[in-house]
Each structure stands twice: as C-alpha cells, then as structure tokens.
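Survey of secondary and tertiary structure
Below, each chain spelled out in residue letters.
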Amino acid sequence: MNIQNVKGTHDVILKEAQAYERIESVMKAIAESYCFKEFRVPVIENSALFLRSVGESSDIVRKEMYTFLDKGGRSLTLRPEFTAGIIRSFVNNKLYATKDLPVKAYYVGPVFRYERPQLGRYRQFNQFGIETIGTTSVYHDVEAILLGYTILTALGLENVKVKINTLGDALSRQNYKNALKEYFSNHIDDMCVDCKQRYELNPLRILDCKVKEDQDIVKNAPTMSNYLSDDAKKRFDDLCALLEQVGVDYEIDDTLVRGLDYYSQTVFEYHYTSKKGINYGAVGAGGHYDGLVKEMDGPQLEGVGLSFGVERVFSVLNDDELLADVDDGCDVFVMPMGEDANEIGFYLLTTLRQYGFTSEIDVSGSKLSSMLKKANRLSSKYAIILGEEEINTRILTIKDLFKQEQYKINVDNLIDFLDSRLNNAEDEHEHCSCNDEKEHHCCGHHDETQCCGHESQKHNHGCCGHNHDEEHHCCNKDSNKGE
Ligand code: HAM
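Residue positions are given per chain, counted from 1 along the sequence in the order it is written. With the structure being a predicted model, the display of local features is reserved for residues of pLDDT at least 70 and the display and counting of side-chain atom pairs for 80 or more, all residues being used for whole-chain, interface and lining totals. To obtain the side-chain values, all non-hydrogen atoms of the structure were used and water was disregarded.

Notes on the environment of G287
As for its position among the elements, G287 is in strand β10 (residues 284-289). Note on exposure labels: buried denotes an accessible area under 20% of the residue type's maximum, exposed denotes more than 50%, and partly exposed covers the range between, all computed with a 1.4 Å probe on protein chains only. The buried category is assigned to G287, whose relative accessible area is 0%. A sequence separation of 21 residues divides G287 from T266, and the C-alpha atoms of the two residues are 5.4 Å apart. Once residues within four sequence positions are removed from consideration, G287 is found in contact with Y263, T266, V267, F268, G303, V304 and G305. The way it works is that DSSP assigns letters per residue, a run of H or I at least four long becomes a helix, a run of E at least two long becomes a strand, and they are numbered from the N terminus. Contacts: residue pairs with any heavy atoms within 4.5 Å of one another.

As structure tokens, then:
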C-alpha cells in the first residue's frame, strides 16, 4: 500500500533540509545577537489558550485549528502559532517576576493550520519568531521590525517591502470598530457568510476578506488613521521616525490589520516578490499586543513579536538562487580497492572524521571509475585511493577532484596536507600569485617564500612532508622536476 504524506504537509529532505538549517541558523544567530534566548514550548496546548489569545473572530480559531479530544477527554490543539504558547510559558513560569523585563524569547518549530493548501500555504509549516514581553516602549517595536529586516537582508534579499500600520490603543480601536460597523451596516447583506460573522464578532476582520466583490466594498471603508487618539498617533509617528533612523525602508499601509485578535498599536508585515515574479504572501509578520499576558492571568504587561514562515523564506531564496551553495559537499571520499582494503579504509575514515573532515567511504568493492563518479556526485573535494600498494608503502594516492590533480602523500602527513588544503589554503595563498611551474604538485605550495612561508630549505613541509632538496621520499619525485 502506497501511503502518501498528509495533504498540506511536505517533506523537507536532503539539500532542502540543509537550506532550512542555513536559514534557521542565520535567524537564530541574529536573534541571539539581539540578546533573545531560546524558548522551546510544547506543540500541543489546551484549546482554550488559542480561543482566548488568537481570538474567536480570527480565521485561525474559527476554521483552521487542529483540535481533538485526548483519551482523558481534554480538548487539545496543535499550536497554530507560537505567541500564545510563549506568553503562557512566560506566565506559568512567573517570568514576569524578574527584575529584568522585558523577557526576550526566540523560537522555531512546526505549526499547524487547516488551510486550503496552495502556493506558500501549508497545513504544517515552520515558524521562526521572537517575542519581547514586558514592555510598552516603542523602541522594542522598532527593534522587532529591525531584527526581521536584518534577517532577510542577511539571507541575501534586497528590496524587502516592510508594511507598517497602527491599530492604536483600545479607545482608538473601539472608535474605529464603531465606524466600521456603521459603514458596513449598509453593505453587510450583500457580503459573504464569513463577513457576516466577522461583522458580529469583530468588524476589523472584514478588512482582510479575500472575496473579490467584498474587497470592492472594503476599499471605501473608513481608515484607522482618522480614529487614532493623540497618544496613539504620536507613538506611531515616533515609530516611523525611529525606523528611518535605523535605515528600515518601510511603507505605511492603513489597510493592514492582521488576522489575529491580540494586536494593538504597531502591526507590520514583510513582503517580497521573488525575481521570478512569484509572490508567496507575507514572508513574516508581527505586532505589538497589550492584553495577552493579562488574558493568561498574568499582570498587565505588553509585548511585541514577529514570526517568519520558514517555507516562504525558503521559497523566495530558492527562486532567487540564493541557496545554491548550501551543500558543502564532502571533504574526502575514501576509496578502498577491494574487500581487504575496507578495514584500513574504514579506520582512515574514522580518523578523518575525528579531525573534523566531512568524509565518506565506498565499501561496495566497485570499480575505481564508478567510485570516482560517486565521489563527484557527492561533490567531494578529495578522493583517497587505497589499494594494495598504498597499504604496503603507507603512501596514499590522493586526487584533487576539482583540479583533477593527483598526489602521493605519506599517511603520516595526510592530516596536515588536508588541513593546509581545506582549512588554510586560501589564507596561505591570499597575497601571492602562485606560479604553476614552481608549484608542488603534491601540495600546491611553491618554492618561493613570500606567499605562504614555505621554503625549499625547510626540509619537510608541514603540509606534504616533501623535501625540496632531495628526492621526495613519499612519492619519489624531485621538487625541481615537479611530478
Ligand atoms: P501570522 O501572520 O499568522 O502571524 O504568521 C506569520 C507568518 O507565518 C506569515 O507571515 C507567513 O509567512 C507564515 N504563514 C502563515 N500561514 C502559513 C501557511 N499556511 N503556510 C506557510 N506559511 C504560513 C503569527 O503567527 C503571529 N504569531 C506573529 C506574531 C508573533 N505576532 C506577534 N508575535
């Protein structure tokens, strides 16, 4: 029976998994440089958590949660987002009692939403995000927006569009909701079923409606900016000025309200259309919240956060070919020639790995040519051929698979050789113009001293064990004659 993966899920494997690892490690490193600390919270939570935080009027709670009863009859939900779980953890662990507010958390992991699968939209996807909990300061909103912007720039994206808006304080929002109710009261009978519900639960949600006919009505709805209190307006002006100061290129979008109920004041989204012209939707989004901690029975503390959709970030980077170098390949591919060489080959492999070289072996007893093909498929940099002669003489045959050059190296000098080639090669030759004629074919170093400090008088190179004045004892080659 051929069992397929669940609709809306996808396997992240091989190079794609390496790309996710790259993306997430850039995200983590930047978050850590902003002094965020990692939080790992459960994937399953009590359903009430999301009802109370994400909100009854949100699409997530209304139709997208994976909710089930466990064997004890408890209603549990696979997290549809992280913020609620992070705030629950903050309250449960009494982190509000610390002297050092705000608490700054970052997180990464899978989230689940029962959405219609389509481009950039999965039912299981990964989010990376941050939450700064215990602050009202606009500086922390700026820090969050800047952090997201810095991450996308560090990953190589140029011209990221940062959309920002303010939902104002509670009073501003109430006034705005009243104005929306009044406006939509004349249209709601002609709008979709979802909008009819939104009208009752939270008219702000109508602004997010994706139905074409409804969007035409939404276009003429009142905008938030006319309902902001003076304080909210000043806070937003301060935010804009600070974003300019730190070099975040933003645009104000007064239709941006976000689909979760917990936001107040600042909201923002990161948009990017890949060079192929594909728009996957917002690659990341976030905002300020003022009632979440209290909602979970903690003190009245505010916070701000943002989450990236890792799949969407991956898709734009992949489209723009910014992940091409993600696979480092393999440093060394060991090729024992025949059963008898496998044991020594395996020992050699283990040693190479202990020294930190990415290494692989082929113990299949295949022909040299097919092993070489396999080594190339793995993007191996060097191949070590280990036949009877190599074992008897302890002189290994090493092939540089990129340059297509072959060397003979005494096994005792192998690690130094690889180290100089793979770890220091660039530095050593950085300032010189290596001359091929003089270059040792075994180690790539030449007789002149100015480039890498290796000189012919130094009997025995650290890199290859070659003595320039005498015949090379490892490969029986004279340095003047080259190979
Ligand atoms: P969100 O906008 O619901 O916000 O999700 C954040 C990001 O997750 C989106 O910008 C998008 O990149 C990605 N995303 C959302 N749905 C899907 C999907 N079905 N498939 C793939 N990617 C998706 C939040 O989750 C908030 N918790 C953000 C936040 C943190 N606000 C404050 N703190």
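Comments concerning the packing of helix α1 (residues 14-33) against helix α5 (residues 138-154)
The convention used is that axes are lines fitted to C-alpha atoms, helices contributing only their stretch in contact, and that angles between N-to-C directions extend from 0 to 180 degrees. With their axes 10 Å apart at the nearest point, α1 and α5 run at an angle of 140° to one another. The angle between the axes of α1 and α5 places the two elements in the oblique class. For the pair α1 and α5, the crossing hand works out as right-handed. Residue-level inspection shows V26, M27, I30 and A31 of α1 in contact with α5, the latter providing L147, T150, I151 and A154. Note on residue classes: Ala, Val, Leu, Ile, Met, Phe, Trp, Tyr, Cys and Pro are nonpolar, Asp, Glu, Lys and Arg are charged, and everything else, Gly too, is polar. Residue composition of the contact of α1 with α5, by class: seven nonpolar, one polar and no charged. In what follows, roughly perpendicular refers to angles from 65 to 115 degrees, roughly parallel to angles under 35, roughly antiparallel to angles over 145, and oblique to any angle outside these ranges. Note: crossing handedness is left-handed where the near helix turns anticlockwise from the far helix by less than a right angle, and right-handed where it turns clockwise.

A look at a positive patch on the surface
To count toward a patch, a residue needs a relative accessible area over 30% and no salt bridge; like charges are then connected within 9 Å, while nonpolar side chains (Val, Leu, Ile, Met, Phe, Trp, Tyr) are connected within 5 Å. A 1.4 Å probe and the Shrake-Rupley method give the accessible areas. Residues count as covered only by the protein chains that appear here. Each salt bridge in this description consists of a side-chain nitrogen of Lys or Arg and a carboxyl oxygen of Asp or Glu lying within 4 Å of one another. By the counting rule applied here, Lys and Arg register as positive and Asp and Glu as negative, while His and the ends of each chain are not counted. All charge positions are set by atom: Lys at NZ, Arg at CZ, Asp at CG, Glu at CD. Among the surface-exposed residues, K367, K373, K374 and R377 lie close enough to one another that they form a single positively charged patch. Following the sequence through the fold, K367 ends up in the loop between β13 (359-361) and α13 (368-377). By relative accessible area, K367 is classed as exposed at 64%.

Thoughts on the side chain of Q127
Position of Q127 among the secondary structure elements: in strand β6 (residues 124-133). For Q127, the contacting residues outside a window of four places in its chain are E81, F82, Y107, V108, G109, V111, R113, S307, F308 and V310.

Observations regarding the sheet that holds strand β2 (residues 44-46)
Ordered by their spatial adjacency, three strands build an open sheet running β2-β4-β3, and the pairing between neighbours is antiparallel. Each edge of the open sheet carries a strand with a single partner, namely β2 and β3 (66-69). The sheet shows a mean angle of 35° between the axes of neighbouring strands, direction not considered. Strand pairing is defined by DSSP finding a minimum of two bridges between the two strands. The pairing of β3 with strand β4 (residues 75-78) spans four bridges and is antiparallel. Residue L69 lies in a different strand from β4, and its bridge partner there is S75.

Remarks on unusual backbone geometry
Leaving glycine aside, a negative phi is the common case for residues, and trans is the common case for peptide bonds. Geometrically, the link from L101 to P102 is a cis peptide bond, its omega value of 0° lying close to zero. Locating P102 in the fold gives a position in the loop between α4 (83-92) and β5 (103-112). Its identity as a non-glycine residue notwithstanding, C35 has a phi of 70°, on the positive side. Topologically, C35 is positioned in the loop between α1 and β1 (37-38). Positive phi, normally seen in glycine, also occurs at R258, with a value near 70°. Mapped onto the fold, R258 is located in the loop between β8 (250-252) and β9 (263-271).

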